[in-house]
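Observations on the model geometry
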Amino acid sequence: APAMKAAPSRSSAVTMFSEGDLGVLPPLGVYDPLGLIETRDMRRYEIMEIKHGRAAMLGFLHVIAIHAGIRFPGYLSPSLGVKF
């Protein structure tokens, strides 16, 4: 049987995260193989992720509404007669 290799250890630990934070996995720690977290503003990424998640949820509800046959009254362009 082939010999079991030990898992490579991380060369540098991220110091701005502690155990129990969101995204910190107990056996691995913070998964950031390219080291981008240390050079970027994580708070901005969290805010942008929430914003994009909300936009995706609204898009999903739009698809469901269209398939359910819901149409809103009104015009996109009254002069050209283009309705919603």
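1. Focus on the overall build of the protein
The helix and strand tally for the protein stands at one helix and four strands. Secondary structure elements in the protein, listed N-terminal to C-terminal, are β-β-α-β-β. When the 84 residues of the protein are sorted by exposure, 10% land in the buried category. Excluding contacts between residues fewer than 6 apart, the proportion of contacts in the protein whose partners are at least 24 apart in sequence is 12%. Split by element, the accessible area of the protein, about 7,900 Å² in all, is 65% carbon and sulfur.

2. As for the environment of Phe72
Among the secondary structure elements, Phe72 is positioned in the loop between α1 (42–67) and β3 (75–77). With 12 residues separating them in the primary sequence, Phe72 and Phe84 have C-alpha atoms 6.5 Å apart.

3. Section: the pattern of salt bridges
Overall, the coordinates contain one salt bridge when judged by the stated rule. Note that Arg43 and Glu46 form a salt bridge whose closest N and O atoms lie 3.1 Å from each other. Separated by three residues within a single helix, Arg43 and Glu46 lie in helix α1, roughly one turn from each other. A relative accessible area of 52% means that Arg43 is categorised as exposed.

Cut-offs used in this document
Residues numbered from 1 in each chain as written. Predicted model: local features only at pLDDT ≥ 70, side-chain atom pairs only at ≥ 80, totals over all residues. Heavy atoms only, no water. Helix = DSSP H or I, 4+ residues; strand = E, 2+ residues; numbered from the N terminus. Buried < 20%, exposed > 50% of the residue type's maximum accessible area, 1.4 Å probe, protein only. Contact = heavy atoms within 4.5 Å. Areas by Shrake-Rupley, 256 points an atom, 1.4 Å probe, with all protein chains shown as cover. Salt bridge = Lys/Arg side-chain N within 4 Å of Asp/Glu carboxyl O.

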